[in-house]
Amino acid sequence: MSGTGTDAAPHEAASRSTLAERLLAVPVTARGVGLAVAAAALIFSGWFWGYPELAVLGAAGALACVAAGSVIAARPRLSVERTVIPDRVSVGHTATVKLTVRNTGRWRAVNARAVDAYGAVHGHGSQASPSGGIETRRVAVPLARLRPGKSAGASYVIAAERRGVVDAGPLGIGKRDLLGLAATAGNFGPAARLWIHPRLHQLARTPDGLARSLEGTADKVEQGSLTFHALREYVIGDELRHVHWRTSARIGKLMVKEHLDTSLPTVAIAIDDRAASWPAPPGVLVPDPFEAACEAAYSVLTACFRAEYHAALVPASGATVSGAGRDSYGDLLAELAPNAKDSLDGYVARLTAARYGDTLVWITGTEPPTDRLAQLKRAYPTVIAVHLATGLPTSASLAGGLPTVRAADGEQFAAAWNNGGTRL
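Residues numbered from 1 in each chain as written. Predicted model: local features only at pLDDT ≥ 70, side-chain atom pairs only at ≥ 80, totals over all residues. Heavy atoms only, no water.

Trainee: Can you help me understand the nonpolar core in this one?
Mentor: Considering soluble globular proteins, one finds that nonpolar side chains tend to be buried as a cluster. The biggest cluster of nonpolar side chains holds 35 residues, and the ones touching the most others in it are Ile269, Leu313, Leu333, Ile363, Leu388, Phe413 and Trp417. Secondary structure elements with two or more residues in this core: strand E12 (266-271), helix H5 (288-306), strand E13 (310-313), helix H6 (326-335), strand E15 (359-364), strand E16 (382-388), strand E18 (402-407) and helix H9 (410-418). The biggest single contributor to this core is H5, with 11 residues. Core analysis: the next-biggest nonpolar cluster, separate from the first, contains 28 residues, Val84, Ala114, Val166 and Ala192 among them. (Core = buried A, V, L, I, M, F, W, Y, C linked by side-chain atoms within 4.5 Å. Buried < 20%, exposed > 50% of the residue type's maximum accessible area, 1.4 Å probe, protein only. Helix = DSSP H or I, 4+ residues; strand = E, 2+ residues; numbered from the N terminus.)

In structure tokens:
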């Protein structure tokens, strides 16, 4: 008997807790609470003192509360499709979010207020934008009397103001009865992601390494006659002699062997994203020079892609991209922040051991560590230092025997680079 009583007590407590949670979750507004209290008082007063008029007024108020609850209780059944076109842009461009909302219910039309929100998930802002990237913003989506089985479309534009990663959605739907006694809200559909890559500056020159073709810097030879690099999925135009049949049979899709032209230079961009390398004034989350560093890295990478060079992006934070498409490099730069925990010695040791290429571009926000960069010349025949800081005069010169480009922002970096930085 004692065991039964002991088991029943927690069960009763859990039931009371669940009931209390459900009562608290009722979407009643302050006006609805006031009317419900007044209705109860009127009904009690009319019954206690024998005034049927008061009881009738109280009953009318109670019926209004019940009607409001019935309106709010019916959650709309909606299907939301969302696309961001394009899903990757550079700073200064725009992307369009397109929504298609379908009422999947059978009986009720949807008549509600719909609001879509977008804002930075992994963004990097300043004092004006504490959350970083694009501040959270809301856009009204027209959704009036959407009949069962019908669809409504809407779209809006996102201006890429700062580098970062932005999520658009989910769609928020709010319902409210005519008297404002109850209100509820819910989210529908998934969110879509927008990557905002750094601003791009055109560079007239590429950082050529020493491992070059005897015929020139870009010996055009047929793919497949060079060094094996990786397997990738077959695309129309690939030669069947490059198909790796054993792997294709195992995974059920055609895979071809991808080769690298080892005669082309390989450029490694080392962006030092340690906090110590990017001092910022108090109250500023991310200094503007770090934005310039991301712009510089993206511009150098793009110049390498145009020249069909191999490239690797190696930040101190550890996430490395090599041998991938341009979007992969831009995505990493969009997410990057100056908060790496690695030490300078550990970063240099990793770059030395891995040897990501024959040319190294070191990007930092403080005076370049010429002694450590000299050590890196054992692994990288060509080392170029880039120093970006607020108010720094634009120059391209030799410092400690190393070509060094100095600038205050991305535009001045491009000018210094084009005017002599890669000729040193």
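The structure having been displayed, the exposition proceeds.
Trainee: Quick question: what am I supposed to make of the environment of Asp167 here?
Mentor: Topologically, Asp167 is positioned in strand E7 (residues 164-176). Beyond its immediate chain neighbours, meaning those up to four positions away, Asp167 contacts Ala117, Tyr118, Gly119, Val121, Ala192 and Arg193. Of note is the side chain of Asp167, whose polar atom sits 2.8 Å from the side chain of Arg193. (Contact = heavy atoms within 4.5 Å. Polar contact = N/O pair within 3.5 Å; in protein donor to acceptor, adjacent residues only side chain to side chain.)

Trainee: What should I look at first to understand the packing of H5 against H6 in this one?
Mentor: Relative orientation of the contacting elements H5 and H6 amounts to 175°, with a least axis distance of 10 Å. Of the possible angle classes, the one that applies to H5 and H6 is roughly antiparallel. Packed against H5, whose contacting residues are Cys294, Ala297, Tyr298, Leu301, Thr302 and Phe305, the element H6 presents Arg326, Tyr329, Gly330 and Leu333 at the interface. Taken together, the residues that form the contact of H5 with H6 break down as seven nonpolar, two polar and one charged. (Axes fitted to C-alpha atoms, helices over the stretch in contact; angles between N-to-C directions. Parallel < 35°, antiparallel > 145°, perpendicular 65-115°, else oblique. Nonpolar A, V, L, I, M, F, W, Y, C, P; charged D, E, K, R; others polar.)

Trainee: Explain the sheet that holds strand E1 (residues 78-85) here, please?
Mentor: Hydrogen bonds between backbone atoms are what pair the strands of a sheet, whose relative direction is either parallel or antiparallel. Read across the sheet, three strands follow the order E1-E3-E6 without closing on themselves; strand pairing throughout is antiparallel. Strands with a single pairing partner mark the edges of an open sheet, and in this sheet they are E1 and strand E6 (151-159). Sheet twist, expressed as the mean angle between neighbouring strand axes with direction ignored, is 15°. Here strand E3 (residues 94-103) pairs with E6 via nine bridges, running antiparallel. Bridged to Arg102 within E6 is Ser151. (Pairing = 2+ DSSP bridges.)

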